[in-house]
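# Structural characterization, general
The chain contents come next:
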Amino acid sequence: EVRSIARSRTLTALRTLDKTRKGILIGFLYESGLINTQPIVKLKGADISNAGLRKANLSSANVSRAILSKADLNSARLMETDLSYTQLKKATLVSAYLLSANLTLASCEGADFSKATLVNANLDSAQMQRANLASIHAVKANLRSTQLEKAQLTNANLSEANLMRANLENADLQGANLTGAILSGANFRNANLKGAILDNADLSFANLTNAKIKRTQLAKVKSLAVAIMMDGTLFEGEKHGKLTHGR
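Structure report, in brief. These numbers were taken from a predicted model, which means no experiment stands behind them. (Residues numbered from 1 in each chain as written. Predicted model: local features only at pLDDT ≥ 70, side-chain atom pairs only at ≥ 80, totals over all residues. Heavy atoms only, no water.)

We now examine the overall build of the chain. Secondary structure summary: the chain contains 2 helices and 0 strands in total. Relative to the globule expectation of 18 Å for 247 residues, the C-alpha radius of gyration of the chain, 20 Å, shows essentially globular dimensions. If one aligns the C-alpha atoms of the chain with their principal axes, the spans along those axes are about 65 × 25 × 20 Å. By residue count, 50% of the 247 residues in the chain fall in the buried class. Within the chain, contacts between residues separated by at least 24 positions form 9% of all contacts whose residues are at least 6 apart in sequence. Counting every atom, the chain has about 11,300 Å² of accessible surface; 47% of that belongs to carbon and sulfur. (Helix = DSSP H or I, 4+ residues; strand = E, 2+ residues; numbered from the N terminus. Rg over C-alpha atoms; globule rule 2.2 N^0.38 Å. Buried < 20%, exposed > 50% of the residue type's maximum accessible area, 1.4 Å probe, protein only. Contact = heavy atoms within 4.5 Å. Areas by Shrake-Rupley, 256 points an atom, 1.4 Å probe, with all protein chains shown as cover.)

Have a look at this one:
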């Protein structure tokens, strides 16, 4: 009953506070140990939109299912933070530290993650259409089935990341490092992969229709089995072979 009252009062307060005071309240809850891994105050449905949380330390906090749309989380420390199912539409997380953070099924459309650290982060099935992920450091991140249409991924480090069945249609991946990445079944239709590094990447069953990519970039991929090539034809070899269907 005490927890229920505390949660009710917290949600009510957040609805009435301006962005600065929202940030102060969240910081107080965190420092008091009320929203940590096993939270006393659950923030499900909490309106933290537009909150000023720049450089805030919320490592290992549980903010799952909270509303953080347009929040300022630039340079915030979010290591192992639970952001699953959270609404982060148009939030700014520039240079944020999200090592091993959980963003499963988070709604991040139009959010700015540029230069953020997402090593080992879990973004399984997250909605990241039109998000800015330029120059992110996301080695071994899980982006399985993530929606990345029209996302900005220029110079992103996605080496050994899992992008199986991710949707990258019309995404910009110029200069991205995809060394050893799992790209099986990913959709790269109309994506820009100029200068992207694909050494030892698994592109089996991937869709590369109209993708901007040179044949030489595919020379060291791990697999192109049953991939749809840039001209719409099906690649039938087990690996890169002679790339007879590429351009």
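Overall, the coordinates contain 0 aromatic pairs when judged by the stated rule. The ring of Y85 has R65 sitting right over it, with the charged end atom 4.0 Å from the ring centre. (Phe/Tyr/Trp six-rings, centres within 6.5 Å; stacked < 30°, edge-to-face > 60°. Lys NZ or Arg CZ within 6 Å of the ring centre and 35° of its normal.)

If you check the backbone angles, K115 has positive phi at about 65° while not being a glycine. You can see K115 is positioned in the segment after α2 (19-31). Take K115: its relative accessible area is 57%, and that puts it in the exposed class. Residue R165 is not a glycine yet carries a positive backbone phi of 60°. Mapping R165 onto the fold places it in the segment after α2. Taking relative accessible area as the criterion, R165 reaches 45% and is therefore assigned partly exposed.

Turning our attention to a nonpolar patch on the surface. Taken together, the side chains of F205, V226 and L234 define a hydrophobic patch exposed on the protein surface, amounting to about 270 Å² of accessible area. Relative to the elements of secondary structure, F205 occurs in the segment after α2. What makes F205 exposed here is its relative accessible area of 54%. (Patch = residues over 30% accessible without salt bridge, like charges linked within 9 Å, V, L, I, M, F, W, Y side chains within 5 Å. Salt bridge = Lys/Arg side-chain N within 4 Å of Asp/Glu carboxyl O.)

Among the nonpolar cores identified, the biggest contains 81 residues, and L98, L103 and F113 are the most heavily contacted of them. Secondary structure elements with two or more residues in this core: α1 (2-16) and α2. If one sorts the elements of this core by residue count, α2 sits on top with 4 residues. Here L98 is in contact with L78, L83, L93, L103, F113, A116, T117, L118, V119 and A121, once residues within four sequence places are set aside. (Core = buried A, V, L, I, M, F, W, Y, C linked by side-chain atoms within 4.5 Å.)

Turning to the pattern of salt bridges, a few remarks are in order. Using the criterion set out here, one finds 3 salt bridges in the structure. With its nearest N and O atoms 2.9 Å apart, the salt bridge here joins D18 to R21. For D18, a relative accessible area of 37% puts it in the partly exposed group. A salt bridge links R54 to D72; the shortest N-O distance between them is 3.0 Å.

Looking now at α2. With 13 residues, α2 extends 18 Å between its outermost C-alpha atoms, agreeing within 8% with the 18 Å of an ideal straight helix rising 1.5 Å per residue. All of the buried residues along α2 are K22, G23, L25, I26, L29 and Y30. Down the axis, α2 shows its buried residues gathered within 165° of arc, on one side only. Residues of α2 that are exposed and point over 90 degrees away from its buried face: I24, F28 and E31. Against the buried residues of α2 lie α1. Of the residues that open α2, the one with a side-chain oxygen 3.2 Å from the backbone nitrogen of T20 is D18. G33 sits one or two residues past α2 and shows a positive phi near 75°. (Expected span 1.5 Å × (residues − 1). Arc of directions from axis to C-beta. Polar contact = N/O pair within 3.5 Å; in protein donor to acceptor, adjacent residues only side chain to side chain.)

With that out of the way, let us pick up the side chain of S69. Relative to the helices and strands, S69 is located in the segment after α2. In contact with S69, other than residues within four places in its own chain, are S49, N50, Q87, L88 and K89.

Take α1 next. Because an α-helix completes one turn every 3.6 residues, residues spaced three or four positions apart along the sequence face the same direction. Taking 1.5 Å per residue as the helical rise, α1 with its 15 residues ought to reach 21 Å, and the 22 Å between its terminal C-alpha atoms agrees with that figure. Of the positions making up α1, those classed as buried are T10, L11 and L14. Along α1, the residues classed as buried sweep out an arc of 95° about the axis, all on the same side. Of the exposed residues in α1, those oriented more than 90 degrees away from the buried face are V2, R9, R15 and T16. On its buried face, α1 sits against α2.

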